[in-house]
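Commentary on secondary and tertiary structure
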Amino acid sequence: MKPVSGKLYREFKEASKTLKDYSDRVVRVVTHNDADGLTAGGIVHKTFMRENRSIHTRSVKQLEEIVIKEVSKEKPEIVIFTDCGSGQLDSIKDILLDNCLVIILDHHQPKILDHENLIHINPHSHGIDGSKEISGSGMAYLFSKAYNPENVNLAALAIVGAIGDNQDGDGVFRGVNREIIKDGEDAGVLKVEKDLRLFGRQTRPLYRAIEYTTEPFIPGLSGSESASIQFLNDLGIPVKKDDEFTMLADLDKDERQRLVTALVLKMIENKVPPKLAEGIVGEVCTLLKEDRRTHLRDGREFATLLNGCGKHEKNGIGLAVCLGDRGKLYKKSLDMLYEHKGYLSKCYKWISENTDRIEDMEVLYALDAGEDIDENVIGTVASMVLNSRILEGLKPIIAFSKRDDNSLKVSSRGTRDMVENGLNLGKVMAYASEGVKGEGGGHDIAAGAVIEEGKKEEFLEYAKEEIKRQWMG
Ligand code: C5P
Ligand code: C5P
Ligand code: ZN
């Protein structure tokens, strides 16, 4: 196993030493509001709570310039950015760095800046791929472990964040994520094993688990209750036995094998690459300290619950669950989970009925969802469109959603194959945003931007130009 590079480890040690030197100062954490961001912020918050230090944490939709200005108005002495910041160094420098110590623990593709008030730790600077080997929560975890080795029991939260960012997209955890899993297993907080990667494998009736599985996407079944029931009927697996719904755990060996084979076939028939289709069986993560009957026991359900909170603007609830609330706020988070899953099913139905809204633009697909899809889930929807194989061509998708202030949220998604052939959407978003004076960046495989509403066509022209440069050689 490749260990965390010595230099990266030293950086975490130095950051924690600096923070210990300023132990009387209040720390403000600013994090992203999705599952990875909420777990990252939760890990850092918990680290300081355990040391009885003053800490404030807020999570934001996107670290835009306007948000950094809001942070600066609070006149902070120390700000830690988690799961954001590496792509926003220009604004951080202009707005914050003169008067405050800034620590960035991020995994997005970084810009480069040297400043005496900045500690910037990013895996890409050490040859580690932040889109699949470590997430924002993993970076927060390594910092936390450097601060106090007893924090290894936060490894489970770190892996929930990695799952939220789909770093286990093909059913395998890689790189630093594997080291974090080992820490978690040694600390007795998590277990990773091979199983069918169905959503709610421990908590839901089998037909619902199939309907709710979107990572990996099962074309024809994901998002459809009736098709999932029919699929089980055709396989001779009863949806109900003795008035009780059949759960995955109720299947005997033969039924289970039939189910796996049929799911893989269904995906391959619908043009999912075999490698991805076989990923329906892969690594799943169980959080051993969580109650057996709850959604928090499974890494993917936990991550989706947090995404439900963040993407429906209940960030505080998600953060509270990461910090350990299992009472009132946890119950509310369950409502967010159901609402989120329900909304995603509606989105998928919308896509199936509105494929004419997807424009084939030579080297990319463009989807203008206008006000029909909320800006908070446009990225998830873009992933669904790409993975559902409703599109013939193998090219990236760029989707747009209108925001309340009439600007546009842009989300782009590609596949691992495209990235291996040179596509880097983070760079595409950064380049096209610069061209229209917007703000953008992200990962090679998934990236985003915010631009003025009237700039969509121009933005797409810049994006096309950059994709051609990267991808067509
Ligand atoms: O800001 P952040 O890094 O947390 O967001 C990552 C986004 O990119 C998520 O929506 C995630 O699903 C997507 N992603 C992906 N595949 C990866 C890495 C990220 O789809 N390998
Ligand atoms: O919002 P969405 O899920 O499409 O974002 C994909 C990735 O791009 C996330 O990791 C997000 O943090 C990043 N992003 C960014 N700058 C933006 C918008 C998104 O770095 N303005
Ligand atoms: Zn992330």
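What you see is a predicted model, and the numbers here were worked out from it, not measured in a lab. (Residues numbered from 1 in each chain as written. Chains lettered and ligands numbered in written order. Predicted model: local features only at pLDDT ≥ 70, side-chain atom pairs only at ≥ 80, totals over all residues. Heavy atoms only, no water.)

1. A closer look at unusual backbone geometry
The condition is simple: Strands are runs of DSSP state E lasting at least two residues, helices are runs of H or I lasting at least four, and both sets are numbered from the N terminus onward.
Residue Glu215 is joined to Pro216 through a cis peptide bond whose omega torsion reads 5 degrees. Locating Pro216 in the fold gives a position in the loop between α8 (206-212) and α9 (225-235). Look at Glu362: it is not a glycine, yet its phi comes out positive at around 65 degrees. Summarising the element assignment, Glu362 is placed in the loop between β10 (358-361) and β11 (364-368).

2. Some words on α9
For clarity, the threshold we go by: Exposure categories follow from relative accessible area, calculated using a 1.4 Å probe and restricted to protein chains: below 20% of the type maximum is buried, above 50% is exposed, and the middle band is partly exposed. Along the arc lie the directions from the helix axis toward the C-beta atoms. Note on contacts: a residue pair is in contact if any heavy atoms of the two residues lie within 4.5 Å. Under the rule applied, a polar contact is a pair of N or O atoms within 3.5 Å (in protein, one hydrogen donor and one hydrogen acceptor; residues adjacent in sequence only if both atoms are side-chain atoms).
Of all the residues in α9, the buried ones are Ser228, Phe231, Leu232 and Leu235. Looking straight down α9, one finds its buried side chains confined to an arc of 95 degrees; they lie on one side. Facing away from the buried surface of α9 by more than 90 degrees, the exposed residues are Ser226 and Asp234. Elements that come into contact with the buried residues of α9 comprise α8 and α10 (253-269). For α9, the capping residue at the N-terminal end is Ser224, with a side-chain oxygen 3.1 Å from the backbone nitrogen of Ala227.

3. What about the nonpolar core?
Soluble, globular proteins show a tendency: their nonpolar side chains are buried together. To keep it simple, the criterion reads: We define a nonpolar core as any set of buried Ala, Val, Leu, Ile, Met, Phe, Trp, Tyr and Cys residues linked to one another through side-chain atoms lying within 4.5 Å. As used throughout, domain bounds are those supplied by an automatic or database domain assignment.
Among the nonpolar cores identified, the biggest contains 60 residues, and Phe12, Leu19, Phe48, Ile80, Leu105 and Phe143 are the most heavily contacted of them. For this core, the domains that each give at least three residues are domain 1 (6-159) and domain 2 (195-351). Residues contacting Leu105, with those up to four places away along its chain left out, are Phe12, Val44, Ile80, Phe81, Thr82, Asp83, Ile121, Met139, Ala140 and Phe143. The next biggest cluster of nonpolar side chains, apart from the first, holds 24 residues, and it includes Leu198, Ile218, Val239 and Met267.

4. Focus: the pattern of salt bridges
Going by this rule: By salt bridge we mean one thing: a side-chain nitrogen of Lys or Arg within 4 Å of a carboxyl oxygen of Asp or Glu.
In this structure the tally under the stated criterion is 39 salt bridges. Two residues, Lys61 and Glu313, come together in a salt bridge whose shortest N-O distance is 3.2 Å. Taken together, the residues span a long stretch of sequence, with Lys61 in the loop between β2 (55-60) and α3 (65-73) and Glu313 in the loop between α12 (299-311) and α13 (315-323) at a distance of 252 residues. Lys402 is paired through a salt bridge with Glu453; the nearest N and O atoms lie 3.6 Å apart. One end of the pair, Lys402, is in strand β12 (residues 397-402); the other, Glu453, is in the loop between β15 (446-452) and α18 (456-471), and 51 residues separate them in sequence. You can call Lys402 partly exposed: its relative accessible area is 26%.

5. Here's the deal with the site of ligand 1
Stated precisely, the cut-off is as follows: To be near a molecule or strand, a residue needs just one of its heavy atoms within 4 Å of it. The accessible surface values rely on the Shrake-Rupley method and a 1.4 Å probe; as for residues, cover is taken only from the protein chains in view. Each residue gets one label: Ala, Val, Leu, Ile, Met, Phe, Trp, Tyr, Cys and Pro are nonpolar, Asp, Glu, Lys and Arg are charged, and the others, such as Gly, are polar.
The environment of ligand 1 is made up of 15 residues, and the closest members are His32, Asp34, His108, Asp165 and His443. At 2.7 Å from an oxygen atom of ligand 1 is found a side-chain nitrogen or oxygen belonging to Asp34. Within the complex, the protein chains bury 86% of what would otherwise be the 470 Å² of accessible surface of ligand 1. Partitioned by chemical class, the residues of the shell around ligand 1 number two nonpolar, seven polar and six charged. In terms of domain composition, the shell around ligand 1 takes at least three residues from each of domain 1 (6-159) and domain 3 (356-472).

6. A few points about the layout of surface pockets
Empty space left among the atoms is revealed by rolling a probe the size of a water molecule over them. To keep it simple, the criterion reads: The definitions used throughout rest on a 1 Å grid laid over the protein atoms alone, on which a cavity is an enclosed set of points accommodating a 1.4 Å probe that cannot get out and a pocket is an open set flanked by protein within 12 Å on both sides along at least five of seven lines; lining residues are those having an atom within 4 Å of a point. Grid points are joined across faces, edges and corners, and a volume is the space filled by probe spheres set on the points.
Here the second largest pocket is characterised by a volume of approximately 300 Å³. Forming the boundary of the second largest pocket are 15 residues, of which Glu11, Asp114, Ile119, His120 and Ile121 lie nearest the centre. Where the lining of the second largest pocket is concerned, the elements lending two or more residues are α1 (6-21) and β5 (118-121). Ranked by the residues each element gives to the lining of the second largest pocket, the list is headed by β5, at four residues. Considering only residue class, the lining of the second largest pocket consists of six nonpolar, five polar and four charged.

7. Remarks on the coordination of the zinc ion (ligand 3)
Heads up, the condition is: Metal donors were taken as nitrogen, oxygen and sulfur atoms no farther than 2.8 Å from the ion, or 3.2 Å where the ion is Na, K or Ca. Water is excluded, so coordination may look unfinished. Only two sets of limits are used to name each site, 85 to 135 degrees for every angle of a tetrahedral four-donor site, and over 155 degrees for opposite donors with all other angles from 65 to 115 for a square planar four-donor or octahedral six-donor site, with any other site named irregular.
Coordination of the zinc ion (ligand 3) by the protein is provided by Asp36 (OD), Asp83 (OD), His107 (NE2) and Asp165 (OD), with metal-donor distances spanning 2.0 to 2.2 Å. Geometry at the zinc ion (ligand 3) is irregular, judged from its six donor atoms and the angles of 59 to 174 degrees they form at the metal. If you list the donors of the zinc ion (ligand 3) from N- to C-terminus, the spacing comes out as D-x46-D-x23-H-x57-D. Residue Asp36 is found in helix α2 (residues 35-50), and its partner Asp165 is found in the loop between α6 (155-164) and α7 (176-186); the two are separated by 129 residues along the sequence. For Asp36, a relative accessible area of 0% corresponds to the buried category. Relative accessible area serves as the criterion here: at 22%, Asp165 is assigned to the partly exposed category.

8. Comments concerning α1
Just so we agree on the cut-off: To estimate how far a helix should reach, multiply one less than its number of residues by 1.5 Å.
For α1, spanning 16 residues, the distance from its first C-alpha to its last is 22 Å, which sits close to the expected 22 Å at 1.5 Å a residue. Along α1, the residues classified as buried are Leu8, Phe12, Ala15, Ser16 and Leu19. The buried residues of α1 occupy an angular sector of 95 degrees when projected down its axis, which confines them to one face. The outward face of α1, more than 90 degrees from its buried face, is lined by the exposed residues Lys7, Glu14, Lys17 and Asp21.

9. Re the environment of Glu434
With respect to the helices and strands, the residue Glu434 is situated in helix α17 (residues 425-435). C-alpha separation for the pair Glu434 and Tyr462, spaced 28 residues apart in sequence, amounts to 9.3 Å.

10. Things to note about the site of ligand 2
Ligand 2 sits among 16 residues. The nearest are His108, Lys409, Ser411, Arg413 and Glu439. Side-chain polar atom of His108 to an oxygen atom of ligand 2: 2.6 Å apart, as the coordinates give it. Contact between ligand 2 and Glu439: a nitrogen atom at 3.2 Å from a main-chain N or O atom of the residue. The fraction of the free accessible surface of ligand 2 (460 Å²) that becomes covered by protein chains is 88%. Elements supplying a minimum of two residues to the shell around ligand 2: β13 (407-413), β14 (439-442) and β15. Tallied by class, residues from the shell around ligand 2 come to three nonpolar, ten polar and three charged.

11. Some words on the domain arrangement of the chain
Note the following rule: Here's the idea: put two parts together, see how much 1.4 Å probe accessible area each one loses, and the total over both is what we call buried area.
Domain assignment breaks the chain into domain 1 (6-159), domain 2 (195-351) and domain 3 (356-472). Each of domain 1 and domain 2 has a C-alpha centre, and these two points are 31 Å apart. Contacts between domain 1 and domain 2 engage 16 residues on the former and 15 residues on the latter. When the two sides are added together, the surface that domain 1 and domain 2 hide from each other amounts to roughly 1200 Å², 69% of it contributed by carbon and sulfur. On the domain 1 side of the contact with domain 2, Asn33, Ala35 and Leu38 bury the most area, a combined 37% of that side's loss. Our count for the domain 1 to domain 2 interface comes out at five residue pairs in polar contact (both at pLDDT 80 or more).

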